[in-house]
Amino acid sequence: MKPLTEQEIRAAFVNCTKGEAKRLAVPRDLADRPWDDLDYLGWRDPQAPDRGYLVTELDGRPRALALRCPSSVSGQLRRSMCSMCLTTHTGGVSLMVAPKAGKAGQQGNSVGAYICSDLACSLYVRGKKDAGIGARLHESLTLEEKIQRTVANVAAFIAKVTV
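Now for a description of the structure that goes with this document. (Residues numbered from 1 in each chain as written. Predicted model: local features only at pLDDT ≥ 70, side-chain atom pairs only at ≥ 80, totals over all residues. Heavy atoms only, no water.)

1. Re unusual backbone geometry
Here the phi dihedral of aspartate 59 falls at roughly 50 degrees; this positive angle occurs in a residue that is not glycine. Counting through the fold element by element, aspartate 59 comes out in the loop between strand 2 (51-58) and strand 3 (61-68). The phi torsion at leucine 119 lies on the positive side, around 55 degrees, for a residue other than glycine. Looking at where leucine 119 falls in the secondary structure, it is placed in the loop between strand 7 (110-116) and helix 4 (121-125). Of the residues examined, leucine 119 reaches a relative accessible area of 3% and is grouped as buried. (Helix = DSSP H or I, 4+ residues; strand = E, 2+ residues; numbered from the N terminus. Buried < 20%, exposed > 50% of the residue type's maximum accessible area, 1.4 Å probe, protein only.)

Right under this line is the structure:
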């Protein structure tokens, strides 16, 4: 992924108003992010733990989603699989819900997916971050094929939000 500026990120949101995009917390360490290893930039808002954000490039331009996610894990921790990168975690996968874009979103319609709670799918796929023993199932796919699958899963999720 190519490095993005704060202005590019704010302008890329498809499922919130311009005012909401202007007020949301963008990471201050954009220059320090491992852009070459990212298929998408994802982060949780430190002031609002129930909010997350995801930005990726589709068709040569950035697209961003505002997400709602549980702020804390309640009940029994169980092993779950991320629907984007297929990494399994114990308590590290959350149902992230994105309001749909446009009129459907204004009417309260949303789309959800189980995603790594820290939104670090790209790093798990590449082995740069470890989710623990048994987190990555043995596959015959190459690293490039796993990356392509993650990119396709993220694109499909964004397509569901924007349709």
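2. Structural notes on the pattern of salt bridges
In total, this model carries nine salt bridges according to the counting rule given. Note that lysine 128 is salt-bridged to aspartate 37, the shortest N-O span being 3.5 Å. In this pair, lysine 128 is assigned in the loop between helix 4 and helix 5 (143-162) and aspartate 37 in the loop between helix 2 (18-23) and strand 1 (41-44), connecting sequence segments 91 residues apart. Its relative accessible area of 54% is what places lysine 128 among the exposed residues. A salt bridge links glutamate 139 to arginine 149; the nearest nitrogen and oxygen atoms lie 2.6 Å apart. Placement of the pair is glutamate 139 in the loop between helix 4 and helix 5 and arginine 149 in helix 5, with a sequence separation of 10 residues. Taking relative accessible area as the criterion, glutamate 139 reaches 24% and is therefore assigned partly exposed. (Salt bridge = Lys/Arg side-chain N within 4 Å of Asp/Glu carboxyl O.)

Any functional reading would require information beyond the geometric quantities listed.
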